[in-house]
Amino acid sequence: MGATPIFETFLAEQGLALFEYLGKGSFRSIGAFPKWLKEIWGAEIGRAKTVRLGEQSPFLENFLFDAERFWSSRASGTVNSGNWIERGRGGVETPLEASALRLDGKKVLVVRNSSAAFAEQTQWLQTARDSVLEHERLMREIQNKEILLHCIIHDLSQPLSAMRGCFNCLTVGDLPPDLKPFVETGQRESHRQEQMIRGVLDAFSGDLAAVKSHTGAVAESADLAACARHAVRNFSAAFMEKGIRLQLDPNLDVRREWRSVGDAPRMDRIFGNFLENAMRYSPPHTTVTVGVEDKGALLGAFVDDEGPGLPADQSADKLFALFSKGRDRPGKAGLGLYFCKMTVERWGGRIGAETRAKGGSRFWFCLPPAPNASETGAAGPVRPSKKPFREFAEEDSAPAGSRPVGKAAKNLRVLVADDTEVNRELTMELLKARGHSAVGVADGRQALDALAKARFDVVLMDEVMPGMNGLEATRAIRLREAGSGKHQVIIGLSGNATKEDEKRSLDAGVDAYLPKPFDMHKLFQMIEFAAHSGSADMISAVRPADSAESVAGHLERATAGNKKLAQSLVRSFLADAPKRMADIRRAIARNNAEMLATTAHALKGSVAIFGAPESVAAARNLEAMGRAANLHGAQEEFRALDRELNRLRHDLLALAVKPAKKSSMRGSAWRARRRK
Amino acid sequence: MLTFKMCMLGSFSVGKTSLVRRFVTSIFSEKYQTSIGVKVDKKIVRVQDQDVTLVLWDIYGEDAFQKLQMSYLRGMSGYFMVADGTRHQTVDVALALEQKVTEAMGRIPFVFLLNKCDLVDQWEIEPETEKNAAAHGLGALRTSAKTGEGVDEAFLRLALAMLPK
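Now for a description of the structure that goes with this document. (Residues numbered from 1 in each chain as written. Chains lettered and ligands numbered in written order. Predicted model: local features only at pLDDT ≥ 70, side-chain atom pairs only at ≥ 80, totals over all residues. Heavy atoms only, no water.)

## Examining the environment of A:Asn251
Locating A:Asn251 in the fold gives a position in the loop between strand S7 (245-248) and strand S8 (259-261). The spacing of A:Asn251 and A:Glu293 is 42 residues in sequence and 9.2 Å in space, taken between C-alpha atoms. (Helix = DSSP H or I, 4+ residues; strand = E, 2+ residues; numbered from the N terminus.)

## Description of the side chain of A:Glu463
Relative to the helices and strands, A:Glu463 resides in the loop between strand S15 (458-462) and helix H14 (470-481). Residues within four places of A:Glu463 in sequence aside, it is in contact with A:Asn469, A:Gly470, A:Leu471, A:Leu493, A:Ser494, A:Arg504 and A:Ser505. (Contact = heavy atoms within 4.5 Å.)

## Thoughts on the sheet that holds strand S13 (residues 413-417) of chain A
All names here are of chain A. Within the open sheet, the 5 strands sit side by side as S14-S13-S15-S16-S17. Their pairing is parallel. The open sheet terminates on both sides in strands that have one partner only, identified here as strand S14 (437-441) and strand S17 (512-515). Going across the sheet, the axis of each strand differs from the next one's by a mean of 20 degrees, ignoring polarity. Bridge count between S13 and S14: 5 bridges; the pairing is parallel. Bridging from a neighbouring strand, Arg413 pairs with Ser437 of S14. Running at roughly 170 degrees to S14, helix H12 (residues 421-433) makes contact with S13, S14 and S15 of the sheet. Across the sheet, helix H13 (residues 444-453) lies against S13, S14 and S15, angled at about 160 degrees from S13, the strand it touches most. (Pairing = 2+ DSSP bridges. Axes fitted to C-alpha atoms, helices over the stretch in contact; angles between N-to-C directions.)

## Quick word on the sheet that holds strand S2 (residues 38-47) of chain B
Read across the open sheet, the 11 strands follow the order S2(A)-S1(A)-S5(A)-S4(A)-S3(A)-S2(B)-S3(B)-S1(B)-S4(B)-S5(B)-S6(B); overall the sheet is mixed. In this open sheet, the two edge strands, each paired with only one partner strand, are strand S2 (26-29) of chain A together with strand S6 (140-142) of chain B. Between one strand axis and the next, the sheet turns through 30 degrees on average, direction left out of account. Bridge count for strand S4 (residues 93-103) of chain A against strand S5 (residues 106-113) of chain A is 8 bridges, and the pairing is antiparallel. For A:Leu101, the partnering residue across the bridge sits in S5(A) and is A:Val108. The sheet strands contacting helix H3 (residues 127-134) of chain B are strand S5 (110-115) and S6 of chain B, and the helix crosses S6(B) at an angle near 130 degrees. Packed onto the sheet, helix H4 (residues 151-162) of chain B meets strand S1 (2-10), S2, strand S3 (50-59), strand S4 (78-84), S5 and S6 of chain B and runs at close to 125 degrees relative to S1(B).

Take a look at the structure:
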């Protein structure tokens, strides 16, 4: 096989070198030996009639195995080596690529100088990888800040716990009537401060989640009208004190559902900020109205006042900016309305303020309806329902006021493990006032010692303690119990209050989790509930009710109200999910994209029955990674899925044990919990 | 003279190229330059009183953009599974890759390298994870291509394991 001068020129121009394979590792150059290749492998190589290319380059030597296999097969097309870098005699590095093919029945090897394509490829790959590294760096930075924030929150929570404990203690005895309002104010304000601290933590966690998922997707939903009602109820006393009338819009259509994207605690804060603002600017003897209205594709909420309206020189945008304050009567730090804007926009909504034509101002926000609202008939009448879970939760989390402590039906022995002496003592005092007996210890090690010496009905275990912390102590207790058939009820306490903190405690083995500062009635309820009915039932008492309600709603819709079918679905899900998770874990560990796509798809289907949008999204992401044969980030997504499935599992167990205590589900839920 | 093929494997940007460079030329550059394709270097070392040629295959980092081609590993006598101690997810990639290599090539001596150990304040690998990594192959070593810490030791440990018994 020869080559014409024009063909040789073409090869040189293209940076190509063609060799005919003669067998036994020998090649003959087709045409003159290319100059560029001589510069890499040395001039002497061009002088020989045949050349053993494998000896020139270890990479090529390796590739020739593949090339020979190809030439000796009947396969058509070409086989490529991929890029490799060859360092020339002068130290210059040249990217090369080789291909084996057949031409006119000859075995031909093409060596290509891929400098141009290589530079381009390197550039985009460098950019892509730099971006990945930058994203990882940002994630780390956010996580570090989160840790710092948790520490600060924890430190803030400790004295707040003590303050709430003191107020609670004051309400135990007969309080003189003239002191009662002060104590109630103290309780209310400490409760508010607690909500604010949690709000900051939630907002920060929300930001982190948004960065993690790369999407602004919000899965939770809340009833706008219920939040508006709640806000009016909460603020009416404060407004009354200032001689301002606070009312729920009389035109509110109570027959329809007003469920939008968002979550109730943060929505409460938005209404709270609007109302504080209205209270600040409204003259006495005027009316402030809170309402909810249909805004076409969005659901709107508003707070109307009859004050002076917005200052002419202040746009709504400025009002919602960071550290913005009113001109004449400044509010607080100027963070409130900024928080509202940030939150509403993260939920995909809009926020604003305007001067009303009739006078006064309107502060409003609009949110997309909850994703499932149209399915369930957002505009339809509200179905007769049981008492909403949320109301139950609100009652629980609201400040206790001067509700009497009362005596418990049964005296319980409670071990209080808390390193902060004042909190420990106050908790013990409250327990004693309730008629229980309490023993206090200052760390996990002492808790283990106390449990070894005496029997306790319930352990209250603080998470952060010096030496052995609460999580370590809980694990140690569970380890001791393993195989004994015994089960010590442990309620985890923590100044940190995110879902991650809760999950960490539940994973360590606590039966329930109570964020500090806690309300004493809630504490009593949990302890007495636990001691009366065992730990599994407690899950329903401590899990956020909205989530369990949402799962129940989905299940009901999916099964058209068929309870037997629902129970069977829950049972098979609880049994199958761990196996499916193990399959997914295996697929990721083996980097088996096809298996990942199949297993994640199967899990997604079984989870979707319960709604559980976070779990569905995580499973969907894993499935997509599998389908795209791109498992980058699969480990993280798997961890997210694991977390969400744990939540769902708790919700399902709660559903299984709560509504029908005689149901056979209860037994299986118990067993599942015990196995864990 | 004995010649051994050693491969550098691991996620992208863990420092495979830098480790080879440090070992072969004692040079380190702070600038991250991503690798495409394969670069082969050689170095002669003295192990147990004999000269051994190490043929070092620096193979591009595994990620969503580039997947490891198993044919590059043909004939290797040992390998380094490299992770970046400041990025915990690179350990997951390394462990998955190790499993893939073992499935394809059988058991081959390797050393787990936790690189960038000079960045102590950014270290993300939990002692438990490090212990787990050390249980694989010929154990785990902390290395720094920047300071040279652990680099010669790593190459010699692997070379020693490759010598005929």
